[in-house]
Amino acid sequence: MGVSTTSGLMQGKYAWLKLLLITAIVALNGYAIIMMYASGEYAFALLNLVIVASGVYVFTSKRAYAHRYIYPGMAGMVMFIIFPLLYTVGIAFTNYSGTNLLTLERVERMHLARTYTAQGGTFDFAMLESGEGKYVLQLVQDDKVLVSSPLSPISNSELSARKQTLESSEVKLSHVEQKPELEVAQIRAITQNRQFLNSLVLVTPEGDELVMSGLRKFAAQAPLFTKLDKDRVLQDSGVVIPGGSALRNNQTGELMMPNMETGFYQYIDGNAEFVGNRVTPGFTVNIGWKNFERVVKDDGIKKPFVQIFIWTVIFAGCSVAFTLAIGMVLACVIQWEELKGRAIYRVLLILPYAVPAFISILVFKGLFNQNFGEINALLNAWFGIKPDWFTDPTLAKTMILIVNTWLGYPYMMILCMGLLKSIPEDLYEASAMDGAGPIKNFFNITVPLLMKPLTPLLIASFAFNFNNFVLIQLLTSGGPDIIGATTPAGTTDLLVSYTYRIAFEGSGTQDFGLASAIATMIFLVVGAIALFNLRLTNANKSV
Amino acid sequence: MAEVILNNVRKNYDPAIHQDTLRDINLNIANGEFIVFVGPSGCGKSTLLRMIAGLEDITSGELKIGGNYMNDVPPVDRNVGMVFQSYALYPHMDLRENMNFGLKLKKLDKKTIDERVDHASDILGLTPLLDRKPKELSGGQRQRVAIGRCIVQQPSVFLFDEPLSNLDAALRVKMRIEIAKLHKELNSTIIYVTHDQVEAMTLADKIVVLSPLNPDAPTNLEQFGEPLELYHNPANKFVAGFIGSPKMNFLAGELVEKGDKTSRIRLYTGDEIVAAVDTSSAQVGDKVELGCRPEHLVEVGHAHADCQITGTVQVTEHLGSESYVYMDVDGNDFTFKARPEFPAEAGQELKVGLPTDACYLFDKDGVAFPRTAKYNKD
Amino acid sequence: MPMVQPKSLKYRKLGTHIAICAFLCLIIFPLLMVIAISFRTGNFSVGDIIPRNPTLDHWRLALGISVENADGSITPPPFPVLTWLWNSIKVAGISAVLIVVLSTTSAYAFARMKFKGKSTILSGMLIFQMFPSVLALVAFYAFFNMIGDFIPWLGLNTHGGLILAYLGGIALHVWTIKGYFETIDPALEESAAIDGATPWQAFRLILLPLSVPILAVVFILAFIGIITEVPMASVLVQDIDKMTLAVGSQQYFYPQNLLWGDFAAAAVLSGFPITIVFLLAQRWLVGGLTAGGVKG
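Computed from a prediction, not measured in an experiment: that's the story for all the values here.

The rules we used
- Residues numbered from 1 in each chain as written.
- Chains lettered and ligands numbered in written order.
- Predicted model: local features only at pLDDT ≥ 70, side-chain atom pairs only at ≥ 80, totals over all residues.
- Heavy atoms only, no water.
- Helix = DSSP H or I, 4+ residues; strand = E, 2+ residues; numbered from the N terminus.
- Rg over C-alpha atoms; globule rule 2.2 N^0.38 Å.
- Contact = heavy atoms within 4.5 Å.
- Patch = residues over 30% accessible without salt bridge, like charges linked within 9 Å, V, L, I, M, F, W, Y side chains within 5 Å.
- Areas by Shrake-Rupley, 256 points an atom, 1.4 Å probe, with all protein chains shown as cover.
- Salt bridge = Lys/Arg side-chain N within 4 Å of Asp/Glu carboxyl O.
- Lys, Arg positive; Asp, Glu negative; His and termini not counted.
- Charge placed at Lys NZ, Arg CZ, Asp CG, Glu CD.
- Buried < 20%, exposed > 50% of the residue type's maximum accessible area, 1.4 Å probe, protein only.
- pLDDT = per-residue confidence, 0-100.
- Phe/Tyr/Trp six-rings, centres within 6.5 Å; stacked < 30°, edge-to-face > 60°.
- Lys NZ or Arg CZ within 6 Å of the ring centre and 35° of its normal.
- Buried area = accessible area lost by both parts, 1.4 Å probe.
- Polar contact = N/O pair within 3.5 Å; in protein donor to acceptor, adjacent residues only side chain to side chain.
- Nonpolar A, V, L, I, M, F, W, Y, C, P; charged D, E, K, R; others polar.
- Domains from an automatic or database assignment.
- Axes fitted to C-alpha atoms, helices over the stretch in contact; angles between N-to-C directions.
- Parallel < 35°, antiparallel > 145°, perpendicular 65-115°, else oblique.
- Left-handed = near helix turned anticlockwise from the far one by under 90°.
- Pairing = 2+ DSSP bridges.

Scanning chain A from terminus to terminus reveals 18 helices and 15 strands. Computed over its C-alpha atoms, the radius of gyration of chain A comes to 35 Å, more than 25% above the 24 Å expected for a compact globule of 543 residues. Overall, the C-alpha framework of chain A stretches about 120 × 80 × 60 Å when taken along its three principal axes. Restricting to contacts in chain A with at least 6 residues of sequence separation, those with at least 24 account for 61%.

Laid out in structure tokens, this is it:
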């Protein structure tokens, strides 16, 4: 429709309301974007900016009237398909993992918050009742006795009832010759006021600061690391360490710096070379193509990757072939008008498709169970065999193909039934004049005529099975495992489930970077299939 | 009731491609006139109608309805009614709802709405069908509902977009007559698009002939005039070929003697023709094209057989009331409308008589020379 | 075919019937088996198709009723199956409604309006739709972690977040609805525009009422798709009480604790309604499936 039919939303009596709404949205999101940017989440800040900016443009510009209709849907696609995809590709070039989870800033802050027991040593600590619910804190080291003035603590329960947290507060201590003659409170008094005590910083007359280090201990604590704000020249070599990055260990005097290649802090020697052990936790750094190199070079990853890739292609290919073969034959049989009871057959044959897949897969998981499963019970009763469906790689793969064929043939049947209707009847009448039987008809007329419209759907089905995560995850979880793999990897794993397990199953060593690298490679494969399919569909249309 | 004025109207669908669909269209449609846009498919006649309706925007130029500038006015405020080729009846509404849909949107009171719907269905004979859904109706009935939906809106201009093209031949004739009657009754301005020149000739007060736009041409409005004017004095070869059935025959030749009453032309077939056209603007030796209508040709020996054209008979069709002889004249198709049971065998050589007064003549650009006589066969 | 047939037809028909029945037995076996198992005593296999001592214990547990054993001890229901079912229906229902709304408005623009980049966006949608979201779970996790900081009810471990995550999957539905819209004569809306309808009124009063069948199809397809979705739900939701059925049912299969009978009852209970809905709607769904071509 032409321009003259579109009515601008910017006019009319609600224009002010719209303006107000837009201002509010811009203000709120502007705040959020700044917050995200400040916390180093640049990707999210950018995403938010793009979504909000394009949204504001689309809903205020008259030229983008048509885009208003597609904006919500497209925003959803950008947020939940394109952004995660790009984010994943981004992660593939980092060492993001269970050990390198945080940003450098966060890790630095964690290091700076660490303390050690410094000069001044440890004091034995007791609470003395001074009456009226007040306590005197008494600290003893050898023959030195320090006490505080009577304090009225706030108990844990009170704190939680008022939903408060305590600011740390300083309390001055003073020397006394003897322990005061007050009754020592029971240990319960300490546990009840633990949060309060934790928040105290006791200052000795010498100026040492003591904090609680155990139920009955207070100790002088000092920050373990100090940040070097200015450049420093190393005496041995004259190498200059830039300020703002190195941390000095106050206990040993050593210097440590973030190693931007490994993503860990490490101590350095006189030549500013990294020498010491990695100091956990690690932080996330860009490591370039290393994740991809590992897939190509590291045997512990390469071998399972290649093996799994081959199996994925075989699995997807076989699934399509089996489901298509069964589905097409059944569709032809069901369309045979001479056959009675076709409607009932049709419904029963579609049944596997109608049952939610996650239920049928789990049903099969139970039925195939080696010890308790009904399938093995029957096989044992009839043939005296009990196949190891879950521990033998070949049998496990066979089982997966059986289950997937069961799950998938009704879809092919439905597709073929729809397409069969478009084959003109007179073709069969003509072939009957030529004396062809049903088998000949099937291979000479039905199959060739179905294959062309089916091809894009078969490719889509191939791509779906290529990524059939649910089946593998629910049925075998990838098992049995591949021996010699350094990441979780199973003989029945598909590339997707393999990737998923690298990211989420490796206990403690969840390697998001590697998983994303493999995911990126799968994206490329799937993207190529999709593009190819699109070309094919377009070509079909233009014919 | 209103007049419609188009000034220098141009339509370009995609500014990236400098390919106009319509160019420099100037029309002055008076109040109450029945105007037909006619032309082959792709000439932009429907586009022009949709531009008047407001369904397409106007790239440049000016549209006035009832004296008001309408370029940027949405369809509803142009006070036009439109009958679509597909009728565009709302399938989920019955006839009454179909007809009062627009009136309800305009928030008219119920009494007015009912009056108008009853009146319209009365005129169109739809009253017993008002509770039916469109799919329960025949093609002709649907057509009437579509018209009725227009009438209840009481538009100042009715727009018809090839309204009869989905009907069979018999029904088409019947509906054509009904539309003509309706125009007399409503007495309102009607703009009607068709590719069928018979509809155009029979219905129109004036016809607008459009051609597919040649990129170099200044306009694709070929001629705007009364039906018989177009038949007798086509402005150019395009209009001459488009109006009239069967189509006009064309034969190329050379001007050998010019004049302001008659001119002499030598055809490339060798035949020499004297035509009643004014060629004073041309030069002797110019390439020209002779046109003659199949129904104007006569048998040799007829009183009006002033000149002769020779050709070979290819097919003869006997329709009972008349015969059509399809001939080959020096490589050109040539049709001769002859008397019933005219004897002509395929392969036979045939001479056909051409009256001087029935000749049309076009210069090398296709522009017609003025005719100086009006042919009367009897 | 009303053609004259040879006499061997009778035997051929009989053979076909036998072959189909045999095939059906094989196909239906797992489904019958699981129904039988749900009525069987105990969680272990005894190999009968028809249980010898039918019991409703598994069904009671699935419905959230505790069972008193013969020895007086009480077995509480292992998992909140009804809560899971409700969660699934809630999440899938709301998501499906939103998906229908989003894809309908988009499809309307794609089918009826001219704008820049239309064909590029349409092809792009199809390509991006093929990327499995399971590969981008890390991104999803980070995304909802971030959203949760600003809008808690859309963060991790919330149904709001899960619903939001499902709204990306509209491409195929947009194509399906767009295809349907294109079969509707655009002159209908033009006629409405001349009658005085705004584009929005033309959409709501003319196009939408005519599109109810396809919208129902898309709703059901989206609903089933989300009910059976596993990876996203398993990563974004961790609390047992917030799980959807598809994630929760795996809980029956922990290696040391295979609750086979209990699972069977829960599976039949929750799978039955979805299966029935699908079978009832299948005739209308076929068109949608052919257009999409994803499942299976």
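Residue and element names in this part refer to chain A. A cluster of acidic residues, E337, E425, D426 and E429, forms a negative patch at the surface. Following the sequence through the fold, E425 ends up in helix α14 (residues 425-433). With a relative accessible area of 36%, E425 lands in the partly exposed category.

Take the confidence of the model for chain B next. All names here are of chain B. For chain B, the average pLDDT comes to 90, and 99% of its residues sit at 70 or higher. Per-residue pLDDT, averaged within each element of chain B, yields its smallest value for helix α5 (residues 169-186) (89) and its largest for strand β3 (residues 34-38) (95). Note on the complex model: pTM 0.79, ipTM 0.86.

Turning next to the packing of aromatic side chains. Within the structure shown, the criterion is met by 52 aromatic pairs over all chains. Measuring from centroid to centroid gives 5.5 Å for F79(C) and W84(C), while their planes differ by 25°, and the two rings are stacked. Members of the aromatic cluster, connected to one another through ring pairs, are F44(A), F80(A), F83(A), Y87(A), F140(C), F143(C) and F144(C). Directly above the ring of F250(B) sits K237(B), whose terminal nitrogen or CZ lies 4.9 Å from the centroid.

At the junction of the two partners, chain A supplies 102 residues and chain C supplies 96 residues. Buried area between chain A and chain C, both sides added, is near 9,100 Å², and the carbon and sulfur share of it is 80%. Inspection of the region where chain A meets chain C yields one salt bridge. Residues R40(C) and E374(A) are paired through a salt bridge, measuring 2.6 Å at the closest nitrogen-oxygen approach. Run the count over chain A and chain C and you get six residue pairs in polar contact (both at pLDDT 80 or more). The element that contributes the greatest number of residues to the side of chain A that touches chain C is helix α3 (residues 65-91) of chain A, accounting for 20 residues. In terms of residue class, the side of chain A that touches chain C is built from 77 nonpolar, 14 polar and 11 charged.

All right, on to the confidence of the model for chain A then. Residues and elements named next belong to chain A. Mean pLDDT over chain A: 83, with 94% of residues reaching 70 or higher. Mean pLDDT across the elements of chain A bottoms out in helix α5 (residues 156-162) (71) and peaks in helix α9 (residues 299-334) (92). Low confidence marks residues 1-10, where pLDDT is under 50. Its contacts with residues over four positions away, or in another chain, come to 25 contacts.

The subject of this paragraph is the domain arrangement of chain B. Accessible area lost upon the coming together of the parts serves often as the stated size of an interface. Residues and elements named next belong to chain B. Once the domains are mapped, chain B shows domain 1 (4-238) and domain 2 (250-362). For domain 1 and domain 2, the distance between their C-alpha centres works out to 38 Å. At the junction of the two partners, domain 1 supplies six residues and domain 2 supplies seven residues. Across the domain 1 to domain 2 interface the summed buried area is about 560 Å²; carbon plus sulfur atoms make up 57%.

On to the pattern of salt bridges. If you walk through the whole model with that rule in mind, you get 28 salt bridges over all chains. Taking the shortest distance from any N to any O, the salt bridge between R501(A) and D493(A) comes out at 2.4 Å. Here the two residues R501(A) and D493(A) agree in accessibility, since each one is buried. In this structure, D57(B) engages K11(B) in a salt bridge whose closest nitrogen and oxygen atoms are separated by 2.9 Å. Here K11(B) lies in strand β1 (residues 4-11) and D57(B) lies in the loop between α1 (45-53) and β4 (60-65), a separation of 46 residues in the sequence. Using a relative accessible area of 28% as the deciding quantity, one classes D57(B) as partly exposed. K11(B) gets classed as buried once you look at its relative accessible area, which sits at 2%. By sharing partners, the salt bridges in this structure join K11(B), R50(B), E56(B), D57(B) and E190(C) into a single network.

The next thing to look at is the packing of helix α2 (residues 42-60) of chain A against α3(A). Residues and elements named next belong to chain A. Here α2 crosses α3 at 170°, and the two axes come no closer than 10 Å. With respect to each other, α2 and α3 are oriented roughly antiparallel. Note on packing geometry: the crossing formed by α2 with α3 is right-handed. Here A43, F44, L47, I51, V52, S54, G55, V58, F59 and T60 of α2 come into contact with α3, specifically with H67, R68, Y71, A75, V78, M79, F83 and Y87. A class-by-class count of the residues in the contact of α2 with α3 yields 13 nonpolar, four polar and one charged.

Residues and elements named next belong to chain B. Strand order in the open sheet formed by six strands is β6-β7-β8-β3-β9-β10, and the pairing between neighbours is mixed. Of all strands in the sheet, those bounded by a partner on one side alone are β6 (80-83) and β10 (221-225). Across the sheet, the mean angle separating the axes of adjacent strands is 15° when strand polarity is ignored. In this structure, β3 lies alongside strand β8 (residues 189-194), joined through five bridges in parallel fashion. Within β8, the residue paired with V38 across the bridge is T194.

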